Amino acid sequence: MDQELLEIVFDNVYNGIYIVDGRGITLAVNRTFEEMSGIRGEELVGRSLYELVGKDNYFTGSASLLVIERKAPVTATYSTSTGRKLLVKGRPIFDGRGEIRYIVNTIWDLTVVQYQQTIDDDTARDHLVAEEDLIACSDAMRQVIDVALRVAPSDSTLLITGETGVGKSLLARLIHRASSRREKPLMQINCAAIPEALLESELFGYEAGAFTGADRKGKPGLFELADSGTVFLDEIAEIPLHTQAKLLGVLQDREYYRIGGRKITSIDVRLIAATNRDLARLVAEGRFRADLFYRLDVVPLQIPPLRDRRDDIPALIDFFLAKHNRRHQTYRIFSRKTMDYLTSLPWPGNIRELENAVERLVVTAGDDADGTVPAAEEPMVNSAGSLKMQLQEYERKVLLQARRRYGSTRRMATALGISQASTVRKLQRLAPADDTNGV
Ligand SMILES: Nc1ncnc2c1ncn2[C@@H]1O[C@H](COP(=O)(O)OP(=O)(O)OP(=O)(O)O)[C@@H](O)[C@H]1O
Ligand SMILES: [Mg+2]
């Protein structure tokens with residue numbers, strides 16, 4: 001393709017494009033990116049992302065820096081100061097020696113994707129999924145989402161199964177959002193959290209004076225409150241047998257009486273149930289009604305545990321890292337080594353446990369950091385080269401890490417025990433050749 005054509009394509013694709021070199025220096029951004037971000041290319045080109053990222057800075061985070069840290073492709077979402085949500089996919093281009101030569105970032109503006117006619121299925125799914133803040137990179141999880149989104153528009157009853165913390169509640173919300181009932185309420189109840197005696201009245205409501213202690217005016221149940229929306233019964237295995245019988249009747253007849261009531265209430269809701277128990281086994285043991293099980297199990301959706309979809313872990317970590325950096329006003333990045341370590345753990349508490357761990361690392365990694373970006377954790381630079389070169393390289397790493405951790409030169413100077421002036425001088429020396437426009 002000739003140069004002119006390339007430039008035309010570069011500036012006219014619907015995606016933003018942001019290209020940096022292996023050290024994080026901005027080489028080019030296209031016009032779509034300028035429009036998405038509201039930042040002019042000339043303000044960015046030639047500048048290092050290490051100086052563009054930070055509090056009150058151009059960017060709050062950078063997929064490129066994650067790519068450099070990990071030497072691997074990265075997908076991340078960011079919010080701009082103008083309230084837009086961007087999905088960024090950063091891909092490293094390696095030279096012959098396995099070093100990163102360029103990083104090409106492709107950027108989707110998730111706030112407008114839905115209005116574009118040209119988006120493919122993949123992007124549409126990314127959009128919906130990102131709107132619900134649901135990460136699905138592994139094939140296993142993508143398959144679950146595919147099925148979920150395929151059945152979402154229908155009215156079929158769904159049973160979501162999976163261990164604790166795998167995302168059952170989140171998936172239920174996604175399905176409701178992708179259904180034709182999305183403008184109606186999603187009413188959910190955790191059947192394990194409600195005392196048995198109250199569960200039936202919570203589900204079906206009661207009339208005035210139905211039982212002692214009941215509200216004098218009566219009370220609508222969940223099925224009524226859902227009002228043509230979706231009812232999500234979480235931990236359905238915990239429903240007592242007599243309530244199971246009533247629920248089954250309601251699902252068959254699509255109508256019921258409030259407790260103590262004489263007026264028939266008809267229901268028009270979509271039912272989603274979830275459990276972390278093996279319902280089939282409970283049926284075999286006589287602890288769950290077989291007929292109700294078959295009624296619920298119309299479309300089974302099984303979410304695999306995190307240990308069986310490790311491909312999701314890096315993206316989940318990035319997602320939670322960004323979330324908690326935002327929440328705690330920090331700018332931490334995990335090294336490849338930390339990522340590898342986190343990715344290798346068994347995570348019996350699944351995503352909930354992973355999120356808690358990431359938040360703990362973000363909050364607790366202070367000056368004597370325990371694994372986020374401590375200088376000592378990076379392997380020593382290669383053993384080739386003169387001592388002076390090696391020391392320079394080591395100093396470069398220390399400076400880059402300190403800048404990432406502390407943001408301002410004043411705090412860096414304090415932490416490193418040098419003056420602010422010499423911190424600034426050292427930072428300027430880091431990438432002299434590329435700072436062509438003098439910033
Ligand atoms: N794919 C995902 N992407 C991002 N966050 C997720 C994902 N799956 C789960 N989470 C988050 O992990 C936490 C646990 O998810 P959720 O509550 O949906 O799990 P659950 O299977 O319903 O757990 P439990 O069995 O304990 O009810 C939530 O904070 C949720 O937002
Ligand atoms: Mg749940």
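Structural data are supplied above this passage.
Residues numbered from 1 in each chain as written. Chains lettered and ligands numbered in written order. Predicted model: local features only at pLDDT ≥ 70, side-chain atom pairs only at ≥ 80, totals over all residues. Heavy atoms only, no water.

A.B. asks: Can you help me understand the overall build of the protein in this one?
C.D. replies: Looking only at helices and strands, one finds 20 helices and 14 strands in the protein. Here the protein holds 439 residues, and the buried ones make up 46% of them. The contacts in the protein between residues at least 6 apart in sequence include a share of 61% that link residues at least 24 apart. For the protein, the accessible area works out to roughly 22400 Å², and carbon and sulfur atoms hold 51% of it. (Helix = DSSP H or I, 4+ residues; strand = E, 2+ residues; numbered from the N terminus. Buried < 20%, exposed > 50% of the residue type's maximum accessible area, 1.4 Å probe, protein only. Contact = heavy atoms within 4.5 Å. Areas by Shrake-Rupley, 256 points an atom, 1.4 Å probe, with all protein chains shown as cover.)

A.B. asks: Sorry if this is basic, but what is going on with the packing of aromatic side chains here?
C.D. replies: Geometrically, a pair of aromatic rings is defined through the distance of the ring centres and the angle of the planes. One pass over the full model with this rule turns up nine aromatic pairs. Ring geometry for Phe-204 and Phe-223: centres 5.6 Å apart, planes at 5 degrees, overall stacked. Of this pair, Phe-204 sits in helix H10 (residues 196-204) while Phe-223 sits in helix H11 (residues 222-226), and the two are 19 residues apart along the sequence. For the pair Phe-204 and Phe-223, a shared accessibility class is recorded, and that class is buried. Through a chain of ring-to-ring contacts, three or more aromatic side chains come together here, namely Tyr-18, Phe-33, Tyr-58 and Phe-59. (Phe/Tyr/Trp six-rings, centres within 6.5 Å; stacked < 30°, edge-to-face > 60°.)

A.B. asks: Would you mind showing me how to read the site of ligand 1 here?
C.D. replies: Near ligand 1 you find 19 residues, and of these Ile-135, Thr-164, Gly-165, Lys-168 and Ser-169 are the closest. Contacts to ligand 1 include Leu-170, whose backbone N or O atom sits 3.0 Å from an oxygen atom. Across the complex, the protein chains shield 84% of the 630 Å² of accessible surface that ligand 1 would expose by itself. Mapped onto the shell around ligand 1, the elements with two or more residues apiece are helix H9 (168-177), helix H15 (312-328) and helix H17 (350-364). Residues belonging to the shell around ligand 1 are distributed by class as follows: eight nonpolar, five polar and six charged. (Near = heavy atom within 4 Å. Polar contact = N/O pair within 3.5 Å; in protein donor to acceptor, adjacent residues only side chain to side chain. Nonpolar A, V, L, I, M, F, W, Y, C, P; charged D, E, K, R; others polar.)

A.B. asks: Where do I start with the side chain of Asp-312 in this structure?
C.D. replies: Here Asp-312 shows up in helix H15. Polar side-chain contacts of Asp-312 include one of 2.6 Å to the backbone nitrogen of Ser-138. Discounting chain neighbours no more than four positions away, the residues touching Asp-312 are Ile-135, Ala-136, Cys-137, Ser-138, Met-141 and Leu-306.

A.B. asks: Got a minute to help me understand unusual backbone geometry in this structure?
C.D. replies: What you tend to see is this: most non-glycine residues have negative phi, and most peptide bonds are trans. For Asp-227, which is not glycine, the phi torsion reads 45 degrees and is therefore positive. Mapped onto the elements, Asp-227 comes out in the loop between H11 and strand S10 (230-234). In this structure, Asn-350 is a non-glycine residue whose phi angle is positive, near 55 degrees. Here Asn-350 lies in helix H17. Taking the relative accessible area as the measure of exposure, Asn-350 reaches 0% and is therefore buried.

A.B. asks: Mind showing me how you'd approach the packing of H10 against helix H12 (residues 241-253) here?
C.D. replies: A pair of packed helices is characterised by two quantities: the angle between their axes and the separation of those axes. The interhelical angle for the contact between H10 and H12, taken along N-to-C directions, is 15 degrees, at an axis separation of 10 Å. Here H10 lies roughly parallel to H12, going by the angle between them. Read as a crossing pair, H10 and H12 show a hand that is right-handed. Every residue of H12 that contacts H10 at Leu-199, Glu-200, Leu-203 and Phe-204 is listed here: His-242, Thr-243, Lys-246, Leu-247 and Val-250. In terms of residue class, the contact of H10 with H12 is made up of five nonpolar, two polar and two charged. (Axes fitted to C-alpha atoms, helices over the stretch in contact; angles between N-to-C directions. Parallel < 35°, antiparallel > 145°, perpendicular 65-115°, else oblique. Left-handed = near helix turned anticlockwise from the far one by under 90°.)

A.B. asks: Would you mind showing me how to read the nonpolar core here?
C.D. replies: One broad trend across soluble globular proteins is that nonpolar side chains are buried collectively. Counting residues in each nonpolar core, the largest one holds 32 residues, and the members touching the most others are Tyr-18, Phe-33, Leu-44, Leu-49, Phe-59 and Ile-107. Broken down by element, the residue count for this core peaks at five residues, all from helix H5 (residues 63-70). Residue contributions to this core reach at least three from each of two domains, namely domain 1 (1-116) and domain 4 (380-434). For Phe-59, the contacting residues outside a window of four places in its chain are Tyr-18, Phe-33, Ile-39, Leu-44, Leu-49, Leu-52, Val-53 and Gly-54. (Core = buried A, V, L, I, M, F, W, Y, C linked by side-chain atoms within 4.5 Å. Domains from an automatic or database assignment.)

A.B. asks: Please clarify how the environment of Glu-255 should be interpreted in this entry.
C.D. replies: Position of Glu-255 relative to the elements: it lies in strand S11 (residues 255-257). Taking the C-alpha atoms as reference points, Glu-255 and Asp-268, 13 residues apart in sequence, are found 8.7 Å from one another. Sequence-distant contacts of Glu-255, defined by excluding residues within four places in its chain, comprise Val-250, Ile-264, Thr-265, Ser-266 and Ile-267.

A.B. asks: Quick question: what am I supposed to make of the sheet that holds strand S3 (residues 74-79) here?
C.D. replies: Each strand in a sheet pairs with its neighbour through backbone hydrogen bonds, running either in the same direction (parallel) or in the opposite one (antiparallel). The sheet built from five strands is open, its strands ordered S2-S1-S5-S4-S3 with antiparallel pairing. Two strands close off the open sheet at either side, each with one partner strand: strand S2 (26-29) and S3. Averaged over all pairs of adjacent strands, the angle between their axes in this sheet comes to 20 degrees, without regard to strand direction. The sheet contact formed by strand S1 (residues 16-21) and S2 spans three bridges and is antiparallel. (Pairing = 2+ DSSP bridges.)

A.B. asks: I'm lost on the environment of Leu-248 in this one. Help?
C.D. replies: Relative to the helices and strands, Leu-248 is located in helix H12. Sequence separation between Leu-248 and Leu-296 is 48 residues; the distance between their C-alpha atoms is 9.3 Å. With sequence-adjacent residues up to four places away left out, Leu-248 is seen in contact with Arg-289, Asp-291, Leu-292 and Arg-295.

A.B. asks: What is the right way to look at the packing of H15 against H17 in this model?
C.D. replies: Where H15 contacts H17, the axes come no closer than 9 Å and their chain directions differ by 45 degrees. When the axes of H15 and H17 are compared, the pair comes out oblique. Between H15 and H17 the crossing geometry is right-handed. Contacts between H15 and H17 involve Ile-313, Leu-316, Ile-317, Phe-320, Leu-321, Lys-323, His-324, Asn-325, Arg-327 and His-328 from the former and Ile-351, Leu-354, Glu-355, Val-358, Glu-359, Val-362 and Val-363 from the latter. Across the contact of H15 with H17, the residue classes tally to ten nonpolar, three polar and four charged.

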